[in-house]
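# Structural description and commentary
Residues per chain are reported as follows:
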Amino acid sequence: MNLSALSLENAPRFWTPLRFFISVPVFGMLAALILFMDGNQLLQSRWHPATLALTHIFTLGYIAMGMLGALLQMLPVVMGASLPRVERSAFLMHLLLAAGALSLVAGFLTDLRLLFAAALLLLVPVLMVFAVAVVLAIWRAGTAGATARAVQIAAVALLVTLGLGAWLVSGYAFEGLQVQRSLTDYHAAWGIIGWILMLIIGVSAQVIPMFLTTPTYPHGFNLWLVYLLMLMLSAGSLLSFAGFARTVTVLVAVLMISYAVVSLYLLARRRRKRFDVTDRFWRLGMLCLIGAGGALLYDVLGGTQMDLDPTVLYGLLLLAGFAVSLINGMLYKIVPFLVWLNLRMPVLKGQVPAGTRLYAPNIHEVISARPMQLQFWLHTGSLLLLLAALFARGLWVYAAAALLLLSNLLLLINLLRAARVYSRCCKARNHP
Amino acid sequence: MPTISEFFSAQHRSCDALLGKMEAAVDRDDWQQAEILFDQVRAETLQHFENEEQGLFPLFEQATGMHQGPTQVMRSEHAELRELLQSLGAAMQAHDQNAALGTAETFFLFLQQHNVKEEQVLYPMADQALQDSLSALSEKVPGFAAGS
Ligand SMILES: [Fe+2]
Ligand SMILES: [Fe+2]
């Protein structure tokens, strides 16, 4: 592999991943606004246009945005896989992804063909190029680790998700094109269980022990989970005979739950016991994953019929609960570290004479603990209220939307503060 | 004899654990205990860097012919980590809880990304390249032959 790629010098500059990260809570706030607009109707059925809009705000605007930003940072540094011309392509990717997510969401809300066509034009190239670039970069780097392999497989699942999604959107965009809406199930499964869950399982193998000093996952655990999930997804998509879908669903639910239980077990055994807000977010996310797995099992194994669309419940737990919590927690680890790292970069690159004092605030000074904790509680509260709204209807949904808005506003403020610490330090250096 | 990966990775874990204990002591304002633990963290970390810079890296460079490659990157990160240890020491001496915890976290995160690169890439390569030089390595690295 190309070892020199491991150098931090190959990490993208500060603003490259930051643009992605700062967009994340902006989309979170948009999600809250949609909840305000359509209230209860939206939680009744996944086919409601506002529900589709909300889902894609989370998956594209929040989750994919956060994951792309993190992968751009992580691939060169940790896996030695450098992406060609990362600065300029990242700038363009961010623009296309944000504009594409907005067009798609606006398309669902207004049902204008033009918006769907724009979404296709914007999203297909950016996600396709990204997924292919990730697969190729890791393949070229020859990194053999479990995380690299899992990321590659997740990227393949992203391609399948994108292909199905593009076909489904074409049905909205072009008159006269007949598209089987039943493909939506496959699109959702490949997106959530494929791309999102497999990527998180793979990346967490490296990130949870590293950032939170937990013991490592059992050897091979994460990669096997990813292989099995991929097998389930492929088999479930290609084969269909009586009872098979049920079996696959049960197995997927069991895999989800076992991953979450093992992760919680590790998080309970951190070697450093100090309060850590990322740890809280990740535990909450794992609990949501157990909830989703449990709900799947309950449904498949013939629990009494719930008075709601169960797919909305899964979506809520897997997207707003599991994936969003993990990304939110990750942002609080990665952004302060990037501020510090980029401020020290001149020393690390040997661009200043040895012995030069170069001030950089320590990581706790970048975002203070209190507002991060408050944001954690706002986030937790919004999730609980969303669940309440799903089961009880009534005004809960507006309370949930309000907390979701506040939570993301505070996340945005916290991230902007971090960015301000960075730019102030840079300015102070240029004009001492 | 242990493999290079096993021995050096175990030293990483041991430093992590000590640092965790030190943070806990700082957290409960037990400065006497915290300073003892900090001295151990510093001693173990610096010894580990010595093991790499004086023992592992030169042998690796010799065996692979890569003098400007990964070992150089690792050395410059060691320099940064030594500087962070110094700031941490100053905060410990001043009994400044916020500075100590913040600097410890910074040191820890930077150390982790450094260790990951060693454990994922450098050590496995060294295990391959240095199969015949393990006795030379054990002369430079205390405890290596005994595997502890
Ligand atoms: Fe090292
Ligand atoms: Fe090391």
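Scroll up a little and you will see the structure.
An account of the accompanying structure is given in this report. (Residues numbered from 1 in each chain as written. Chains lettered and ligands numbered in written order. Predicted model: local features only at pLDDT ≥ 70, side-chain atom pairs only at ≥ 80, totals over all residues. Heavy atoms only, no water.)

### A look at the overall build of chain B
Each helix and strand counted, chain B has five helices and zero strands in total. Reading the helices (α) and strands (β) of chain B from amino to carboxyl end gives α-α-α-α-α. Expected size for 148 residues packed as a compact globule is a radius of gyration near 15 Å; at 16 Å, chain B falls within 12% of this value. By its C-alpha atoms, chain B is 50 × 30 × 20 Å across when sized along the principal axes. Across the 148 residues of chain B, 53% fall into the buried class. Pairs at least 24 residues apart make up 76% of the contacts formed inside chain B by residues separated by at least 6 positions. (Helix = DSSP H or I, 4+ residues; strand = E, 2+ residues; numbered from the N terminus. Rg over C-alpha atoms; globule rule 2.2 N^0.38 Å. Buried < 20%, exposed > 50% of the residue type's maximum accessible area, 1.4 Å probe, protein only. Contact = heavy atoms within 4.5 Å.)

### Brief notes about the coordination of the iron ion (ligand 2)
All names here are of chain B. Within the first shell, the iron ion (ligand 2) binds the protein through His12 (NE2), His48 (NE2), Glu52 (OE), Glu118 (OE) and Tyr123 (OH), at distances of 2.0 to 2.5 Å. On the primary sequence, the residues serving as donors to the iron ion (ligand 2) are separated as H-x35-H-x3-E-x65-E-x4-Y. The exposure class assigned to His12 is buried, which follows from its relative accessible area of 2%. (Donors = N, O, S within 2.8 Å, 3.2 Å for Na, K, Ca; no water.)

### Re unusual backbone geometry
Residues other than glycine seldom take positive phi values, yet Thr213(A) does so here, at roughly 40°. As for its position among the elements, Thr213(A) is in the loop between α7 (183-212) and α8 (221-238). Even without being a glycine, Asp29(B) presents a positive backbone phi close to 65°. Locating Asp29(B) in the fold gives a position in the loop between α1 (4-27) and α2 (31-64).

### Looking at the layout of surface pockets
Reported here for the second largest pocket is a volume of approximately 980 Å³. In terms of lining residues, the second largest pocket is bounded by 37 residues, among which Ala146(A), Ala205(A), Gln206(A), Thr216(A) and Gln120(B) are the most central. Counting residues per element, the ones that place at least two in the lining of the second largest pocket are α6 (146-173), α7 and α8 of chain A together with α1 and α4 (97-129) of chain B. Here the residues of the lining of the second largest pocket sort into 16 nonpolar, 16 polar and five charged. (1 Å grid on protein atoms, 1.4 Å probe; cavity = no way out; pocket = protein on both sides within 12 Å on 5 of 7 lines; lining within 4 Å. Points joined across faces, edges and corners; volume = space filled by probe spheres on them. Nonpolar A, V, L, I, M, F, W, Y, C, P; charged D, E, K, R; others polar.)

### Observations regarding a positive patch on the surface
Residues Arg417(A), Arg420(A), Arg424(A) and Lys427(A) make up a contiguous surface patch of positive charge. Note on placement: Arg417(A) falls in helix α13 (residues 396-430). (Patch = residues over 30% accessible without salt bridge, like charges linked within 9 Å, V, L, I, M, F, W, Y side chains within 5 Å. Areas by Shrake-Rupley, 256 points an atom, 1.4 Å probe, with all protein chains shown as cover. Salt bridge = Lys/Arg side-chain N within 4 Å of Asp/Glu carboxyl O. Lys, Arg positive; Asp, Glu negative; His and termini not counted. Charge placed at Lys NZ, Arg CZ, Asp CG, Glu CD.)

### Some points on the nonpolar core
With 187 residues, the main nonpolar core has Phe21(A), Trp195(A), Tyr259(A) and Trp282(A) as its most contacted residues. With 26 residues, the top contributor of residues to this core is helix α11 (residues 310-348) of chain A. Leave out the neighbours within four places in its chain, and Phe21(A) touches Gly66(A), Gly69(A), Ala70(A), Met330(A), Leu331(A), Ile334(A), Val335(A), Leu338(A) and Leu415(A). Membership of the second largest hydrophobic core comes to 16 residues, among which are Phe57(B), Leu59(B), Val73(B) and Phe144(B). (Core = buried A, V, L, I, M, F, W, Y, C linked by side-chain atoms within 4.5 Å.)

### Some details on the coordination of the iron ion (ligand 1)
Between any two of four tetrahedral donors, the ideal angle at the metal is 109.5 degrees; between two of six octahedral donors, it is 90 or 180 degrees. All names here are of chain B. For the iron ion (ligand 1), every protein donor is listed as Glu52 (OE), His78 (NE2), His114 (NE2) and Glu118 (OE), and the spread of their distances is 1.9 to 2.2 Å. Note that the iron ion (ligand 1) binds four donor atoms; their angles at the metal cover 86 to 173°, and the shape is irregular. Mapped onto the sequence, the residues coordinating the iron ion (ligand 1) show the spacing E-x25-H-x35-H-x3-E. (Tetrahedral: all angles 85-135°; square planar, octahedral: opposite > 155°, others 65-115°.)

### Focus on α11(A)
All names here are of chain A. Its axis deflected by about 35° at Asn342, α11 carries its strongest bend there, up to four residues before the proline Pro346. In terms of residue burial, α11 counts as a mostly covered element, since 35 of its 39 residues are buried. Looking one or two residues beyond α11, the residue adopting positive phi is Gly350, at roughly 70°. (Bend = angle between axes of the 7 residues up to and from the residue.)

### Thoughts on the packing of aromatic side chains
The geometry of an aromatic ring pair comes down to the distance between the two centres and the angle between the two planes. All names here are of chain A. Enumeration according to the criterion identifies 18 aromatic pairs over all chains in this entry. Between Phe14 and Trp15, the ring centres sit 4.9 Å apart and the planes meet at 80°, which makes this aromatic pair edge-to-face. The lysine or arginine in question, Arg181, covers the ring of Tyr172, its NZ or CZ lying 4.2 Å from the ring centre. (Phe/Tyr/Trp six-rings, centres within 6.5 Å; stacked < 30°, edge-to-face > 60°. Lys NZ or Arg CZ within 6 Å of the ring centre and 35° of its normal.)

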